[in-house]
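# Geometric and topological summary
Residues per chain are reported as follows:
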Amino acid sequence: MAAAAFLHQIYYSDATRANLDPGFIPLDNLANERPDWREYWPMRRFLLEHAGRMDESAFYGFFSPKFGEKTGMTANDAHEFITSVQHHTDVVLFPPFFDQGACYLNVFEQAISHHRGFFPTFKAAVDHIAPGVAIESLITDSRNTVFSNFFAARPRFWRDWLAANEVLFAIAESREGELAQSLNAEAPYKSGTGPVAAKVFMMERVATLLLTTQRDWRVAVRDPMAAPEEPLFAPYRAELIAMDALKIAASLRGASGYLQTFRRLQQYIAQSSRARFELREESRQASGE
C-alpha cells in the first residue's frame, strides 16, 4: 500500500488563494505576520503545532504558489510520483531548476553567483548547523539538490530540517552579532517582489545540506530534467547533463579529474553565455531598440 501524502500549498493573499492547485491542501498564511521569513514562517508554524501528531509513515510537503510554474507539475503529478517510489523512501524531490543545480559545484556556489558578498554568511551559518562541512568544496548534484523547498518527506526528516533551521532562526531573531546581522541583510531577488533576506536563501538550502552530509537518507527524485529550463541555459543542455554526471562521479569516486573537467565546462558556459549576451545587446543597439 502506498504511503499517505499530505501535500500543502501556501497562500498569503486572495490572489494566491484563488490560484491554488485543488489537489494540494491549502495552508493559510493570510496573516503573513513575518513576511521576512517567506515560506519558512507557515512551514515552521505547521511543524511546531503538529509536533508529535504527524503520521510517521506519511509524506508531508509545503509548496509555494509557484510550484506548478517552476516544476511544470500539478498536484496530481506529485501524488502519482510519490505512489511510485519504493516503500523505504524518506524524501521525495521535485526539482525545479536542473540547470541551476548542474552548473554550479553546489547550491551555495549557485546562491553566491546571484548574491555576491554572501559567502561569509553561508559559511558561518553552515558552521553552526553542520560543523566541519566546507561549502567551498561541497558537491551537490541532481540526487540531492533542493530548490524552493520543493520536496516531500516523512516526519523524521522534517524534524531534522526544523532543528537545523531553528538554530538559524534563533540567531537571526536575536539581532545580535555579525551572523545575525548578515542573515537579516537583504539581497535583490529577480521575482520583482523586492529584496529577500539572506536567511531565506540559507533556509532553502538546508534540505540539500542534510541530504548531502547525512548519507542515510533514502531519496527518490522526479526526473530533474522535466522542469522548464531557463532560456539562458537552453543551448547548453548536453554540457549541463555532463556536468551533473561529473559531479556524481566525483562524489562516488573522489577522483580530481572529474571536477577539473566540470570546471572547464563551467568556464565554457560562462564565457559563451556572456558572449551571446553581449552580441544580443549589440544587435539591439544597432536596431535602435
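Residues numbered from 1 in each chain as written. Predicted model: local features only at pLDDT ≥ 70, side-chain atom pairs only at ≥ 80, totals over all residues. Heavy atoms only, no water.

For the pair helix α8 (residues 155-174) and helix α11 (residues 206-213), interaxial distance at closest approach is 10 Å and the crossing angle is 120°. As far as their axial angle goes, α11 and α8 are oblique. Considering only the axes of α8 and α11, their crossing is right-handed. Where α8 abuts α11, its residues Phe-157, Asp-160, Trp-161, Ala-164, Asn-165 and Leu-168 lie against Val-206, Ala-207, Leu-210 and Leu-211. Of the residues belonging to the contact of α8 with α11, the class tally is eight nonpolar, one polar and one charged. (Axes fitted to C-alpha atoms, helices over the stretch in contact; angles between N-to-C directions. Helix = DSSP H or I, 4+ residues; strand = E, 2+ residues; numbered from the N terminus. Parallel < 35°, antiparallel > 145°, perpendicular 65-115°, else oblique. Left-handed = near helix turned anticlockwise from the far one by under 90°. Contact = heavy atoms within 4.5 Å. Nonpolar A, V, L, I, M, F, W, Y, C, P; charged D, E, K, R; others polar.)

Moving on: the packing of aromatic side chains. Within a pair of aromatic rings, the relevant descriptors are the distance that separates the centres and the angle that separates the planes. Within this structure, the stated rule accounts for 24 aromatic pairs. For the pair Phe-81 and Phe-94, a centre-to-centre distance of 6.3 Å together with 70° between the ring planes defines the contact as edge-to-face. With a gap of 13 residues between them, Phe-81 in helix α4 (residues 75-84) and Phe-94 in the loop between β4 (91-93) and α5 (98-102) connect regions that are remote in the sequence. Residue Phe-81 shares its accessibility class with Phe-94, and that shared class is buried. (Phe/Tyr/Trp six-rings, centres within 6.5 Å; stacked < 30°, edge-to-face > 60°. Buried < 20%, exposed > 50% of the residue type's maximum accessible area, 1.4 Å probe, protein only.)

We now examine the nonpolar core. Ranked by internal contacts, the top residues of the largest apolar core, which has 55 residues, are Phe-108, Phe-122, Phe-151, Phe-157, Trp-158 and Trp-161. Per-element accounting of this core gives the leading share, nine residues, to α8. Among residues more than four places away in sequence, those in contact with Trp-161 are Tyr-40, Met-43, Leu-47, Asn-149, Phe-151, Met-203, Val-206, Ala-207 and Leu-210. Core analysis: the next-biggest nonpolar cluster, separate from the first, contains 17 residues, Leu-7, Ile-82, Val-92 and Phe-150 among them. (Core = buried A, V, L, I, M, F, W, Y, C linked by side-chain atoms within 4.5 Å.)

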